[in-house]
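Spelled out, the chains give:
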Amino acid sequence: GESVGLHLPTLSVQEGDNSIINCAYSNSASDYFIWYKQESGKGPQFIIDIRSNMDKRQGQRVTVLLNKTVKHLSLQIAATQPGDSAVYFCAEKGYQAGTALIFGKGTTLSVSS
Amino acid sequence: NAGVTQTPKFRVLKTGQSMTLLCAQDMNHEYMYWYRQDPGMGLRLIHYSVGEGTTAKGEVPDGYNVSRLKKQNFLLGLESAAPSQTSVYFCASSYSTDRDRYNQPQHFGDGTRLSIL
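Residues numbered from 1 in each chain as written. Chains lettered and ligands numbered in written order. Predicted model: local features only at pLDDT ≥ 70, side-chain atom pairs only at ≥ 80, totals over all residues. Heavy atoms only, no water.

Helix and strand counts for chain A come out as zero helices and eleven strands. Taken from the N to the C terminus, the helices and strands of chain A come in the order β-β-β-β-β-β-β-β-β-β-β. For chain A, the proportion of its 113 residues judged to be buried stands at 43%. Nonlocal contacts in chain A, meaning residues at least 24 apart in sequence, comprise 54% of its contacts between residues at least 6 apart. By element, 46% of the accessible surface of chain A is carried by carbon and sulfur atoms, the whole surface being about 5400 Å². (Helix = DSSP H or I, 4+ residues; strand = E, 2+ residues; numbered from the N terminus. Buried < 20%, exposed > 50% of the residue type's maximum accessible area, 1.4 Å probe, protein only. Contact = heavy atoms within 4.5 Å. Areas by Shrake-Rupley, 256 points an atom, 1.4 Å probe, with all protein chains shown as cover.)

Structure follows, in structure tokens:
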């Protein structure tokens, strides 16, 4: 079956460091991937997405890398700030209209100053 | 622009009681979704809707019903609540994948925390 997982449940970094959060997915037919950030008591907040015809996409301080050969997705956060502390989820989606996202279990990022 | 609004934010029920969770979005999105989130797990899809008047089952639909009578609203009902339905429920919405033939990100509300005793 389909599953999306993350390599590490927790990640601790110092303020100013770069953070890398990894995710492995199992469904080679998935063609759309999203990273979400979830703060305590809040809903998931969209960070960045990438389609399967790309291998890299950059946003503001964030970069998503997609390696379809090994079915691996990563989120890089530059100059990590205390406000980046949250749970980060990767999610995958097939091409079918209306099909929902399949979420991984999340990585908790803790940023210390 | 409120985005996705869920009501209520918190609720405590007794086993066997019924209730309806309301989700409203003001982004004119065609698609809407209901997820549940349990400790240590990602979000799991309960039901979803690709348009007004249409609904479909997700990964964990048992014990829930939904209705999409208006494009902007998606209701989740529990007819006879069970302790196993204690969870945080999230609603999400997105544009149709037909918009530009690609998938669109889903936007989430802040959740309803439901406890069933």
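Once that is clear, we can look at the overall build of chain B. Looking only at helices and strands, chain B has zero helices and eleven strands in total. The secondary structure elements of chain B, listed N-terminal to C-terminal, are β-β-β-β-β-β-β-β-β-β-β. For chain B, whose C-alpha radius of gyration is 14 Å, the value lies close to the compact-globule estimate of 13 Å for 117 residues. C-alpha atoms of chain B, sized along the principal axes, occupy 45 × 30 × 25 Å. Within chain B, buried positions represent 49% of all 117 residues. As presented, chain B carries roughly 5600 Å² of accessible surface, and 51% of it is formed by carbon and sulfur atoms. In chain B, 12 positive and 10 negative side-chain charges are present, and the distance between their average locations comes to 5 Å. (Rg over C-alpha atoms; globule rule 2.2 N^0.38 Å. Lys, Arg positive; Asp, Glu negative; His and termini not counted. Charge placed at Lys NZ, Arg CZ, Asp CG, Glu CD.)

Turning next to the state of the cysteines. A full pass over the atoms with the stated rule returns two disulfides over all chains. One disulfide bridge connects A:Cys23 with A:Cys90, the sulfur atoms lying 1.8 Å from each other. Between A:Cys23 and A:Cys90 the sulfur-sulfur dihedral comes to about 55°; the bridge is accordingly right-handed. On the criterion of sequence distance, the pair formed by A:Cys23 in strand β3 (residues 19-25) and A:Cys90 in strand β9 (residues 86-93) is long-range, its members being 67 residues apart. Comparing A:Cys23 with A:Cys90 shows no difference in burial state: the two are buried. The disulfide partner of B:Cys23 is B:Cys91, and the S-S distance across this bridge is 1.9 Å. On the sign convention where negative means left-handed, the S-S torsion of about -75° between B:Cys23 and B:Cys91 marks this disulfide as left-handed. (Disulfide = S-S within 2.5 Å.)

What follows deals with the packing of aromatic side chains. Applying the stated criterion to the full structure yields eleven aromatic pairs over all chains. Seen from their ring centres, A:Tyr36 and B:Phe108 are 5.3 Å apart, and the 90° between their planes marks the pair as edge-to-face. Pair noted here: A:Tyr36 is in strand β4 (residues 32-38) and B:Phe108 is in strand β10 (residues 107-108), and the two residues belong to different chains. Of the residues examined, B:Phe108 reaches a relative accessible area of 10% and is grouped as buried. Arranged with centres 6.0 Å apart and planes meeting at 75°, the rings of A:Phe103 and B:Phe108 form a pair that is edge-to-face. With A:Phe103 in strand β10 (residues 102-103) and B:Phe108 in strand β10, this residue pair bridges two chains. (Phe/Tyr/Trp six-rings, centres within 6.5 Å; stacked < 30°, edge-to-face > 60°.)

To continue, consider the confidence of the model for chain A. Of the residues in chain A, 88% reach a pLDDT of 70 or more, and the chain-wide mean stands at 88. Ranking the helices and strands of chain A by mean pLDDT puts strand β6 (residues 56-58) of chain A first, with 97, and strand β1 (residues 4-6) of chain A last, with 53. (pLDDT = per-residue confidence, 0-100.)

Counted under the stated rule, the structure contains five salt bridges over all chains. Of the charged contacts in the structure, one is a salt bridge between A:Arg61 and A:Asp84, with a shortest N-O distance of 2.9 Å. Of this pair, A:Arg61 sits in the loop between β6 and β7 (62-67) while A:Asp84 is found in the loop between β8 (72-77) and β9, placing the two residues 23 residues apart along the sequence. Using a relative accessible area of 30% as the deciding quantity, one classes A:Arg61 as partly exposed. Put simply, B:Asp38 and B:Arg36 hold a salt bridge, and the shortest N to O gap is 3.0 Å. Judged by relative accessible area, B:Asp38 falls into the buried class, the value being 11%. (Salt bridge = Lys/Arg side-chain N within 4 Å of Asp/Glu carboxyl O.)

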